[in-house]
Amino acid sequence: MVTQNTVEIPRSVWYGWGDPAHATSLSANALTYLSATLKLASVKPVHPPADITEVRIGEPVLNAEALAELRAACGTEYVSTERLDRIEHSGGKSTEDLLRIRAGDALGAPDAVIFPASSEEIREVLAVCAARGIAVTAFGGGTSVVGGVSPLRGTFDAAITLDMRRMNKMLHLDPRSRTATFEAGLRGPGIEAALEPHGFTLGHFPQSHQEATLGGYVATRSAGQASTGYGRSDDLVKSVHLETPAGPLVAGSTAPGTAAGPKLLDVIVGSEGAFGVITSATLKIVPVPTHKSYGSWSFASFTAGAEAIRRLRHEGLSGDLPHVCRLSDSDETASTFKLGGPKTAALGKYLSVRGQATPALALFLWEGATKETAARKRRSARILRAAGGIPTGPIPARAWEHGRFSGPYLRDELLTRGVYVETLETSATWTSLDSTYHAVREAILKSLAEHGGTGYVQSHISHIYPDGASLYFTYLAGVESDGLAQHARVKQAASKAIVAAGSTITHHHSVGTDHAPYLGAEIGALGLDVLRGIKNTLDPAGIMNPGKLIPAAIKEQP
Ligand SMILES: Cc1cc2nc3c(=O)[nH]c(=O)nc-3n(C[C@H](O)[C@H](O)[C@H](O)COP(=O)(O)OP(=O)(O)OC[C@H]3O[C@@H](n4cnc5c(N)ncnc54)[C@H](O)[C@@H]3O)c2cc1C
């Protein structure tokens with residue numbers, strides 16, 4: 001029997017990812033490869049995070065009356081102005097956030113962190129904040145990589161963060177209809193642990209799964225590693241309870257199908273805390289698969305691999321597509337082969353002999369009943385072989401699955417060693433996939449090299465649609481003396497390339513502050529006005545997550 005249960009880990013350390021005790025270090029081989037590839041003089045671990053006692057943070061500006069009203073709403077012990085709580089909620093987990101907090105800058109921290117236990121408490125908190133003009137940021141797992149949980153003040157003097165961790169229960173399970181209702185603060189492993197005794201899974205496994213919450217998934221339209229099979233979070237949501245400054249709103253319906261006007265739910269899903277706070281949501285669930293079947297195939301190039309996957313999507317029977325479907329480009333494949341030890345090195349040599357000098361490796365994972373997955377895998381193999389693929393066995397896919405949640409820890413070590421690493425994503429139609437891939441890749445590389453550095457970009461496809469696929473870029477270089485400026489420069493170059501290619505500014509990371517300047521290019525000025533109109537109705541005072549999603553006037557931070 002397959003288990004979808006994952007390990008519950010402590011909440012992330014203030015300067016980085018998860019519990020540092022779970023981190024595995026880079027091998028000597030990896031360090032040598034890294035310094036040679038990036039042409040770095042040294043990758044010694046000489047850039048540790050600041051000492052917590054030296055972190056700079058302003059005095060909280062909430063007055064005694066405001067604090068008293070917030071305490072009356074949630075209980076004194078659940079309204080914190082403690083230094084560590086404020087530091088931990090001063091930002092998310094983008095490399096920009098990490099560069100700032102590791103340098104000891106928590107000056108953007110909220111004035112208080114509130115830990116509500118119910119929709120009613122949140123309603124009261126929002127009423128206090130609307131009346132007093134206090135900005136409110138909802139905080140799930142705090143794993144945003146787009147500035148989504150930075151507690152910006154907007155036009156207000158004070159800001160609070162609402163941490164949803166106490167709202168962490170499964171409220172209802174309907175096994176016959178295959179739906180479940182969860183409180184918004186339940187984290188990924190908690191969702192699976194609640195469902196598995198009943199034989200169900202949500203099937204939603206973003207790389208941040210161990211820290212991220214149900215509310216965060218819904219608020220950002222996240223996509224999991226197996227979303228090709230199970231669907232993205234926005235495909236899974238049936239209904240949402242949203243507390244807004246204008247009152248509670250239940251969007252969506254338990255009805256299996258409805259024609260009751262435009263789909264209001266779609267306006268709430270992906271609203272990034274800018275319209276209100278999601279307190280619970282009902283999602284589709286599916287039975288835990290009885291079997292997983294692993295496979296990997298190699299292609300002569302990324303272009304050839306992408307074409308093979310398109311054919312798999314278009315020529316295969318409906319439902320044949322693997323639940324996990326990832327294609328690395330030649331650079332990502334080269335890194336995997338370089339870092340994977342003697343067996344993967346041997347695989348690289350074998351592929352070279354077979355005419356694939358710079359192979360692109362695809363990993364697949366079919367889930368379901370034993371016989372059914374075997375049949376799907378067989379049918380897929382015919383298409384992949386006809387498209388020029390060479391089968392490379394199940395081990396690479398198993399190895400990927402084994403280490404799939406450990407990657408985020410590496411970023412902390414890389415930063416300590418003076419290596420800048422960041423990711424971004426988009427999606428493109430099959431027709432424009434190749435040109436978008438090259439345009440964005442080249443824009444990143446050029447920008448990384450602008451100050452004389454040597455950069456490395458690797459990419460993969462991890463979500464397949466009938467009309468196209470996602471593109472995910474990971475890029476590395478030595479950290480420049482002004483790492484934040486370096487980050488802004490590269491991000492801007494890549495974002496402009498994405499816009500110029502006519503692709504989306506975000507496939508699954510959401511908009512936050514980072515992508516807000518580019519949203520107009522995607523949805524138009526009138527589209528932005530529609531979003532502003534919805535916000536004005538639900539949040540007339542504009543207290544909800546200022547500066548996120550919708551570009552807005554932002555008061556200078558202290
Ligand atoms: C290492 C790493 C790997 C990642 N991998 C993936 C991935 O594979 N796929 C993917 O899609 N994303 C990924 N992300 C991005 C991020 O994890 C997702 O956006 C996730 O859905 C955020 O969930 P969270 O609970 O941490 O939300 P937060 O980071 O706490 O919040 C994100 C946004 O949602 C809002 N929000 C949170 N909770 C609520 C609520 N209850 N009501 C209203 N608004 C709310 C916040 O205000 C903010 O705007 C990754 C991030 C990291 C750091």
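Please read these numbers as outputs of a predicted model, since none were measured by experiment.

Novice: Just to check I follow, could you spell out the overall build of the chain for this structure?
Specialist: Helices and strands together make up the secondary structure of the chain, namely 19 helices and 19 strands. Taken along the three principal axes of its C-alpha coordinates, the chain extends 75 × 60 × 45 Å. Evaluated residue by residue, the chain yields a buried proportion of 57% over its 558 residues. For the chain, restricting intrachain contacts to residue pairs at least 6 apart in sequence, the fraction spanning at least 24 positions comes to 78%. Entry remark: accessible area of the chain is about 22,500 Å², with carbon and sulfur atoms responsible for 56%. When the 53 positive and 54 negative side-chain charges of the chain are each reduced to one mean point, those points stand 8 Å apart.

Novice: Help me understand the site of the ligand in this model?
Specialist: Residues in contact with the ligand amount to 35 residues; listed here are only the nearest, Ala138, Gly140, Thr143, Ser208 and Thr213. Taking Thr143, its side chain carries an N or O atom lying 2.6 Å from an oxygen atom of the ligand. In the environment of the ligand, an oxygen atom lies 3.2 Å from a nitrogen or oxygen atom belonging to the side chain of Asn545. When the ligand sits alone it has 960 Å² of accessible area, and the protein chains cover 96% of it.

Novice: What exactly am I supposed to notice about the packing of aromatic side chains here?
Specialist: We describe a pair of aromatic rings using the distance from one ring centre to the other and the angle between the two ring planes. Counted according to the given criterion, the structure contains five aromatic pairs. Ring centres of Phe302 and Tyr437 lie 4.5 Å apart, and the angle between their planes is 45°; this geometry places the pair in the tilted category. You can see Phe302 sitting in helix α11 (residues 302-315) and its partner Tyr437 sitting in helix α17 (residues 433-448), a full 135 residues away along the chain. Per residue, the accessibility class of Phe302 equals that of Tyr437, and both read buried. Here the guanidinium or amino end of Arg404 rests over the ring plane of Phe205, the centre of that ring lying 5.0 Å away.

Novice: I keep staring at the UniProt feature "active site" (unreviewed entry) in the chain and nothing clicks. Help me out?
Specialist: The UniProt feature table records "active site" (unreviewed entry) at Tyr472. Along the chain, Tyr472 falls in strand β19 (residues 468-478). Dropping the residues within four chain positions of it, Tyr472 is found in contact with Thr423, Leu424, Glu425, Gln458, Ser459, His460, His508 and His509.

Novice: For this particular structure, what's the right way to read the sheet that holds strand β6 (residues 179-183)?
Specialist: In any sheet, the strands associate via hydrogen bonds between backbone groups, in a parallel or an antiparallel arrangement. Overall, antiparallel pairing links the five strands, which are arranged β5-β6-β10-β8-β9 in an open sheet. Single-partner strands in this sheet number two, and they are β5 (170-174) and β9 (247-252). Going from strand to strand, the sheet's axes swing by 10° on average, the running direction of each strand aside. Here β6 runs beside strand β10 (residues 277-284); their pairing, made up of five bridges, is antiparallel. When the sheet's bridge partners are listed, Thr181 is paired in β10 with Thr282.

Novice: Would you take a moment to explain the pairing of strand β14 (residues 360-368) for this structure?
Specialist: Within a regular beta strand, the side chains point alternately toward one face of the sheet and then the other, so they alternate between its two faces. Burial analysis of β14 places nine of its nine residues in the buried class, which makes it a mostly covered element. With burial as the criterion, each face of β14 is covered, one bearing Ala360, Ala362, Phe364, Trp366 and Gly368 and the other bearing Leu361, Leu363, Leu365 and Glu367. Pairing geometry for strand β12 (residues 291-299) and β14, over nine bridges, is antiparallel. Along β14, the bridge assignment pairs Gly295 with Phe364. Direction of pairing for strand β13 (residues 324-328) relative to β14: antiparallel, over a ladder of four bridges. Paired with Leu327 across the strands is Ala362, a residue of β14.

Conventions used here
- Residues numbered from 1 in each chain as written.
- Predicted model: local features only at pLDDT ≥ 70, side-chain atom pairs only at ≥ 80, totals over all residues.
- Heavy atoms only, no water.
- Helix = DSSP H or I, 4+ residues; strand = E, 2+ residues; numbered from the N terminus.
- Buried < 20%, exposed > 50% of the residue type's maximum accessible area, 1.4 Å probe, protein only.
- Contact = heavy atoms within 4.5 Å.
- Areas by Shrake-Rupley, 256 points an atom, 1.4 Å probe, with all protein chains shown as cover.
- Lys, Arg positive; Asp, Glu negative; His and termini not counted.
- Charge placed at Lys NZ, Arg CZ, Asp CG, Glu CD.
- Near = heavy atom within 4 Å.
- Polar contact = N/O pair within 3.5 Å; in protein donor to acceptor, adjacent residues only side chain to side chain.
- Phe/Tyr/Trp six-rings, centres within 6.5 Å; stacked < 30°, edge-to-face > 60°.
- Lys NZ or Arg CZ within 6 Å of the ring centre and 35° of its normal.
- UniProt positions renumbered as here; feature names shortened; annotations may be inferred.
- Pairing = 2+ DSSP bridges.
- Axes fitted to C-alpha atoms, helices over the stretch in contact; angles between N-to-C directions.

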